[in-house]
Protein chains: 2
Amino acid sequence: MSHKDAPPIKAPLTLKDGVDFAIIEHLFFAYRDFTSDPDAILAEYGFGRAHHRVLHFVNRRPGLTVAELLDVLRITKQSLARVLKQLIDDEYIVQVQGPRDRRQRELYPTQKGRDLALALALPQSRRIRAALEEAQLADSAVVERFLRAMVDPELRAQMDKLPNGRSQ
Amino acid sequence: MSHKDAPPIKAPLTLKDGVDFAIIEHLFFAYRDFTSDPDAILAEYGFGRAHHRVLHFVNRRPGLTVAELLDVLRITKQSLARVLKQLIDDEYIVQVQGPRDRRQRELYPTQKGRDLALALALPQSRRIRAALEEAQLADSAVVERFLRAMVDPELRAQMDKLPNGRSQ
DNA sequence: GAAAATATGTCAATAAGGCTGACATAAATT
DNA sequence: AATTTATGTCAGCCTTATTGACATATTTTC
C-alpha cells in the first residue's frame, strides 16, 4: 500500500482552481434527491426511471410518435422497446395508428397512465415549491432561465414543443 | 391496437394540474447535458460516471475513508469496489493506511488523478458560467441556494463537509 | 407499377452500474 | 478472550443502456 507508488496529494481541490465546485456538487445532490421521490413510487409498480421518463413525455405530449419519443429521450429504439412494451401491456399507454401515415404509432396515456404520471410528478413539484420558498424566490423564472441556459442550444427546441414552453 | 382497450387521453398534462412541469423538465434536460461533458472524456479512458464520482470526491476530500465515501455516494461497498479497484490499479487514486485506526484506508488522488478530476470539472464549470451569464445572474448565490434547498435536510450536512461549504 | 426509403418491431449479444448475501481478514474495542 | 468494526472479495442477479441484423407495413420516388 503506497510503497513506491505515485505520492498522495493531500490538499483538497478547491475553487482556487477556477472551477465552480459548489454548483457542480449542488446539482449532483439536488438531482439525486429529486429523482428519489418518484423512484420510491415506481418500485411499487415494478417500474424504473426509464418507465417514468416515457410515461412523463407521453402525458405531456399525447399523440407523439415512437420516433419523436426516441428523439426526446435520446435513447435507442431497442432501449425504448422494452419499457414501452411493459407500459402498453399494463395499460398505462395505448398506441393508435397514425391518421395520415399509418406506419406511425401515436402514443397516448390511458386514465391509469395519466394518474400515475401525476402521482410521480407531485412529490417532485412539492420539493420544488418548498425549495423555492426556502430559497426565498418569489417566482421560479430565475431558476428556470438558468436551467434552460444549461441545456445545449440545439436541444432547446425540443423543450419548446412541450406545453407552456416558449411556443405558448 | 386500441379496439376495446382503455381509451386514449388526448389532452396534454399541463400546469393546470398544479404541478410545476417546467422546472421538472428543465432539471431533466439540464442535468443530462451537464453530465454529457465529462461522459465524453471518461469514455476515452474506459471509465464511466461511477469513476467520475469517486474521483471527484476523493479530490475534494483527500484522505476520506472508504466508509465515508460510501456514505457520500450512497452506494454499496460492492458497487464501489469495482470502480475503486480500477482507479487504484490505474494509479489515479492511492490508499494509505489510517494513522489512528489502521483498519481504515484513506483515499488520496495522485497527480494523475488530480489532473483528470480537474479536466472533468472544467467543461462543467464552463457550462455553468455560460449559463449564469446567459441568464443574467451576476452571482451564483441564488441558484446555489435553490439547489441546496432541493436536497433532503439530513443530507445537507454531507455537503458542508466539502471545502467552501458552510463550514468554511 | 417497381424500387427505394421510412416507421416500427424484434432478436441476439454485450456492457455499465447498481443490488443482495455470504464470507474472510485485520485491527480495535469491550 | 470475545465481539465489533473497516475493509475486501466472491458469486449471482437486475435494470438500463448499447450495437448490429433483420422483418414488415407503408409511403414516397422514379
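Presented here is a report on the structure given in the accompanying data block.

The rules behind these values
- Residues numbered from 1 in each chain as written.
- Chains lettered and ligands numbered in written order.
- Predicted model: local features only at pLDDT ≥ 70, side-chain atom pairs only at ≥ 80, totals over all residues.
- Heavy atoms only, no water.
- Near = heavy atom within 4 Å.
- Polar contact = N/O pair within 3.5 Å; in protein donor to acceptor, adjacent residues only side chain to side chain.
- Helix = DSSP H or I, 4+ residues; strand = E, 2+ residues; numbered from the N terminus.
- Core = buried A, V, L, I, M, F, W, Y, C linked by side-chain atoms within 4.5 Å.
- Buried < 20%, exposed > 50% of the residue type's maximum accessible area, 1.4 Å probe, protein only.
- Contact = heavy atoms within 4.5 Å.
- Buried area = accessible area lost by both parts, 1.4 Å probe.
- Salt bridge = Lys/Arg side-chain N within 4 Å of Asp/Glu carboxyl O.
- Nonpolar A, V, L, I, M, F, W, Y, C, P; charged D, E, K, R; others polar.
- Pairing = 2+ DSSP bridges.
- Least-squares fit on C-alpha atoms with pLDDT ≥ 70 in both.
- Axes fitted to C-alpha atoms, helices over the stretch in contact; angles between N-to-C directions.
- 1 Å grid on protein atoms, 1.4 Å probe; cavity = no way out; pocket = protein on both sides within 12 Å on 5 of 7 lines; lining within 4 Å.
- Points joined across faces, edges and corners; volume = space filled by probe spheres on them.

### Some thoughts on the protein's contact with DNA strand D
Within the structure, DNA strand D sits among 25 residues, and A:Arg53, A:Ser79, B:Lys77, B:Gln95 and B:Arg103 are positioned closest to it. Within 4 Å of the protein, the contacting atoms of DNA strand D are drawn from sugar and phosphate to the extent of 59%. Between DNA strand D and A:Gln78, the relevant distance is 3.0 Å, taken from a base oxygen to a side-chain nitrogen or oxygen of the residue. At a separation of 2.8 Å, a phosphate oxygen of DNA strand D approaches a polar backbone atom of B:Ala67. At the level of secondary structure, the elements contributing two or more residues to the surface near DNA strand D comprise helix H2 (49–60) and helix H4 (77–89) of chain A together with helix H3 (66–73) and helix H4 (77–89) of chain B.

### A closer look at the nonpolar core
In this structure, A:Val54, A:Leu69, A:Phe146, B:Val54, B:Leu69 and B:Phe146 are the most contacted members of the largest nonpolar core, which totals 95 residues. Counting residues per element, this core draws most heavily on helix H1 (residues 21–45) of chain B, at eleven residues.

### Focus: the interface of chain A and chain B
Contact with chain A, which involves 83 residues of that partner, is made by 83 residues of chain B. Taking both partners together, chain A and chain B bury about 8,200 Å²; carbon and sulfur atoms supply 69% of that area. Counting every contact that joins chain A to chain B gives six salt bridges. One salt bridge connects A:Asp152 with B:Arg127, and the closest N-O pair in it is separated by 3.0 Å. At the junction of chain A and chain B, the tally comes to 30 residue pairs in polar contact (both at pLDDT 80 or more). When contributions to the side of chain A that touches chain B are tallied by element, the ones reaching two or more residues are helix H1 (21–45), H2, helix H3 (66–73), strand S2 (93–97), strand S3 (105–109), helix H5 (111–134), helix H6 (141–149) and helix H7 (156–160) of chain A.

### Comments concerning the protein's contact with DNA strand C
The environment of DNA strand C is made up of 24 residues, and the closest members are A:Lys77, A:Gln95, A:Arg103, B:Gly48 and B:Arg53. Within 4 Å of the protein, the contacting atoms of DNA strand C are 59% sugar and phosphate, with bases supplying the remainder. The side chain of A:Arg103 places a nitrogen or oxygen atom 2.4 Å from a base oxygen of DNA strand C. Separating a phosphate oxygen of DNA strand C from a backbone N or O atom of B:Arg102 is a distance of 3.2 Å. Sorting the residues of the surface near DNA strand C by element identifies H3 and H4 of chain A together with helix H2 (49–60) and H4 of chain B as the ones contributing at least two each. Ranked by residue count, the leading element in the surface near DNA strand C is H2(B), at four residues. Partitioned by chemical class, the residues of the surface near DNA strand C number four nonpolar, nine polar and eleven charged.

### What about the pairing of strand S3 (residues 105–109) of chain B?
Residues and elements named next belong to chain B. Of all the five residues making up S3, four are buried; the element is thus mostly covered by neighbouring parts of the structure. Inspection of the sheet shows strand S1 (residues 64–65) paired to S3 by two bridges, in the antiparallel sense. The residue of S3 that forms the bridge with Thr65 is Glu106. Across five bridges, strand S2 (residues 93–97) lies against S3 in antiparallel orientation. When the sheet's bridge partners are listed, Val94 is paired in S3 with Tyr108.

### Topic: the relation of the copies chain A and chain B
Aligned on chain B, chain A shows an RMSD of 0.0 Å; the corresponding rotation is 180 degrees and the shift along the axis is 0.0 Å. Such values leave the two copies arranged in the relation of a two-fold axis. No C-alpha of chain A approaches the rotation axis more nearly than that of A:Val143, which lies at 3.2 Å.

### Topic: the sheet that holds S3(A)
Spatially, the three strands line up as an open sheet ordered S1-S3-S2 (chain A), and their pairing is antiparallel. In this open sheet, the two edge strands, each paired with only one partner strand, are strand S1 (64–65) and S2 of chain A.

### A closer look at the pattern of salt bridges
Applying the stated criterion across every chain, the model contains 18 salt bridges over all chains. Between A:Lys85 and A:Asp89 there is a salt bridge, with the nearest N and O atoms lying 3.2 Å from each other. One end of the pair, A:Lys85, and the other, A:Asp89, are both in helix H4, four residues apart, so they sit about a helical turn from each other. A:Lys85 gets classed as exposed once you look at its relative accessible area, which sits at 52%. Each of A:Asp37, A:Arg127 and B:Asp152 takes part in a single network of salt bridges with overlapping partners.

### Examining the sheet that holds S2(B)
Residues and elements named next belong to chain B. Taken together, the three strands give an open sheet; going across it, the order is S1-S3-S2, and neighbouring strands pair in antiparallel fashion. Looking at strand neighbours, the two that pair on one side only are S1 and S2, the edges of this open sheet. Docked against the sheet, H2 engages S1, S2 and S3, running at close to 95 degrees with respect to S3.

### Re the environment of B:Ala30
Checked against the element boundaries, B:Ala30 lands in helix H1. Among all residues touching B:Ala30, those that are not within four sequence positions of it are A:Leu147, A:Met150 and A:Val151.

### A word on the layout of surface pockets
For the largest pocket, the calculated volume is near 450 Å³. What lines the largest pocket is a set of 18 residues, among which A:Tyr31, A:Arg49, A:Arg53, B:Tyr31 and B:Arg49 lie closest to the centre. Listed by contribution, the elements that provide at least two residues to the lining of the largest pocket are H1 and H2 of chain A together with H1 and H2 of chain B. For the lining of the largest pocket, the per-class residue count stands at eight nonpolar, two polar and eight charged. Of the volumes computed, that of the second largest pocket is approximately 290 Å³. In terms of lining, the second largest pocket is formed by 20 residues, of which the most central are A:Glu144, A:Asn164, B:Asp20, B:Phe21 and B:Ala22. For the lining of the second largest pocket, the secondary structure elements donating two or more residues are H5, H6 and H7 of chain A together with H1 of chain B. Considering each element in turn, the lining of the second largest pocket owes the most residues, four residues, to H1(B).

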